[in-house]
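The residues making up each chain are set out below.
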Amino acid sequence: MYKMKDIKYGYLYNGENIYPYDNWDNNFYKKYLLQINNELEKTKYGVCWDFVELERYYLKQTNLNFKSYFIFSNDGMEFPNHTFIIVNLNDKFIWIEKSWEKYQGLHEYDSLNEALEDIKNKFIKYTGKNEKISIYEYEEPKKLNANEFYEHCENGHKIMI
C-alpha cells in the first residue's frame, strides 16, 4: 500500500488526467485503456482496474496466494463495478483496497465467502444497486480497452454469493 500512496484516482488520455474534469460516463468507454504491470507507478492516475493490476504486479513477486475479483451490477444503464484482490495468508483472507477511498487499507476475514459477502454488501450500499449483482474471479488480463476488460472479467469464474 505504501508504494501506491502517491497514486490518485482518475484515468489518462493522451497523457493527461481526464477524471474528474471530463464527463466520465460519456468518454470513459471510448478513451480508457487498462494499465498493466507497473504502468500505474509511472502515470500516477488510475481506476480500480489499474490498481488491481499494480497490486498483482507486486504480489507476483512474492509467494503469496491471491486472486482478483470483479463485482458489478448489470443495471442496464450505468453498470457500476469494482475490482479488488484478496490474499489468502495463514488461513485468513485479506482484502487489499486502495482505489475505493472509503475502504482503503487491509481488511481481514476468516473465510473467502465472508470477505466477498462484506464487499458485496458495501458495494450495494455504495451504489444503491441491489439487483443483478455478479462477482467473477478473473485471470490476469492483457492491455485492454474498457469493453474488452468487462468481457475478460465476465469470462472468468462466476462466484455464487
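A few points on the structure. As the structure is a computational prediction, the values presented were derived from the model and not from experiment.

1. Some thoughts on the sheet that holds strand E6 (residues 81–89)
Strands pair in a sheet through their backbones, by hydrogen bonds, and they do so in one of two ways: parallel or antiparallel.
And then number 1: Taken in spatial order, the six strands of this open sheet run E8-E7-E6-E5-E9-E10, and their pairing is antiparallel. Whereas interior strands pair on both sides, the edge strands pair on one side only; in this sheet they are strand E8 (105–109) and strand E10 (157–159). Here the average twist between neighbouring strands, direction ignored, is 30°.
And then number 2: In this sheet, E6 lies alongside strand E5 (residues 65–73) in antiparallel orientation, the contact comprising eight bridges. Bridging from a neighbouring strand, Lys-67 pairs with Ile-86 of E6.
And then number 3: The strands touched by helix H4 (residues 112–127) within the sheet are E5, E6, strand E7 (92–97), E8, strand E9 (133–138) and E10, with E6 carrying the most contacts at an inclination of about 155°.

2. Section: the nonpolar core
And then number 1: Phe-28, Tyr-32, Trp-49, Phe-70, Ile-85 and Phe-149 are the most contacted members of the largest nonpolar core, which has 24 residues in total.
And then number 2: Of all the elements in the fold, those that place two or more residues in this core are helix H3 (48–59), E5, E6, E9 and helix H5 (146–154).
And then number 3: Ignoring any residue separated from it by four or fewer positions in sequence, one finds Phe-149 in contact with Leu-34, Trp-49, Phe-70, Thr-83, Tyr-138, Pro-141 and Leu-144.
And then number 4: Ranked by size, the runner-up nonpolar core spans 17 residues in total, among them Trp-100, Ile-124, Ile-133 and Ile-159.

3. Some words on unusual backbone geometry
And then number 1: Positive phi outside glycine occurs at Asn-37, with the angle close to 50°.
And then number 2: Residue position: Asn-37 is located in the loop between helix H1 (24–31) and helix H2 (39–43).
And then number 3: Phi at Asp-91 is positive, roughly 60°, even though this residue is not glycine.
And then number 4: In this structure, Asp-91 sits in the loop between E6 and E7.
And then number 5: A relative accessible area of 69% means that Asp-91 is categorised as exposed.

4. Focus on H4
And then number 1: If you check H4, its first and last C-alpha atoms are 22 Å apart, about what 16 residues at 1.5 Å a residue would give, namely 22 Å.
And then number 2: The set of residues buried in H4 consists of Ala-115, Leu-116, Ile-119, Lys-120, Lys-122, Phe-123 and Ile-124.
And then number 3: Packed against the buried residues of H4 are E5, E6, E7, E8, E9 and E10.
And then number 4: Looking one or two residues beyond H4, the residue adopting positive phi is Gly-128, at roughly 75°.

5. With respect to the side chain of Glu-137
And then number 1: Positionally, Glu-137 belongs in strand E9.
And then number 2: On the basis of relative accessible area, Glu-137 is assigned to the buried category, the value being 16%.

6. Brief notes about the packing of aromatic side chains
Aromatic ring pairs are reported here in terms of the distance separating the ring centres and the angle at which the planes meet.
And then number 1: Counted according to the given criterion, the structure contains 17 aromatic pairs.
And then number 2: Judged by centre distance (6.1 Å) and plane angle (85°), the rings of Phe-70 and Phe-149 are edge-to-face. One end of the pair, Phe-70, is in strand E5; the other, Phe-149, is in helix H5, and 79 residues separate them in sequence. You'll find Phe-70 and Phe-149 in the same group, each marked buried.
And then number 3: Ring geometry for Phe-84 and Trp-95: centres 6.4 Å apart, planes at 70°, overall edge-to-face. Here the residue Phe-84 occupies a position in strand E6, and Trp-95 occupies one in strand E7, the gap between them amounting to 11 residues.
And then number 4: Taking relative accessible area as the criterion, Phe-84 reaches 0% and is therefore assigned buried.

Here is what the cut-offs are and how they apply
- Residues numbered from 1 in each chain as written.
- Predicted model: local features only at pLDDT ≥ 70, side-chain atom pairs only at ≥ 80, totals over all residues.
- Heavy atoms only, no water.
- Pairing = 2+ DSSP bridges.
- Helix = DSSP H or I, 4+ residues; strand = E, 2+ residues; numbered from the N terminus.
- Axes fitted to C-alpha atoms, helices over the stretch in contact; angles between N-to-C directions.
- Contact = heavy atoms within 4.5 Å.
- Core = buried A, V, L, I, M, F, W, Y, C linked by side-chain atoms within 4.5 Å.
- Buried < 20%, exposed > 50% of the residue type's maximum accessible area, 1.4 Å probe, protein only.
- Expected span 1.5 Å × (residues − 1).
- Phe/Tyr/Trp six-rings, centres within 6.5 Å; stacked < 30°, edge-to-face > 60°.

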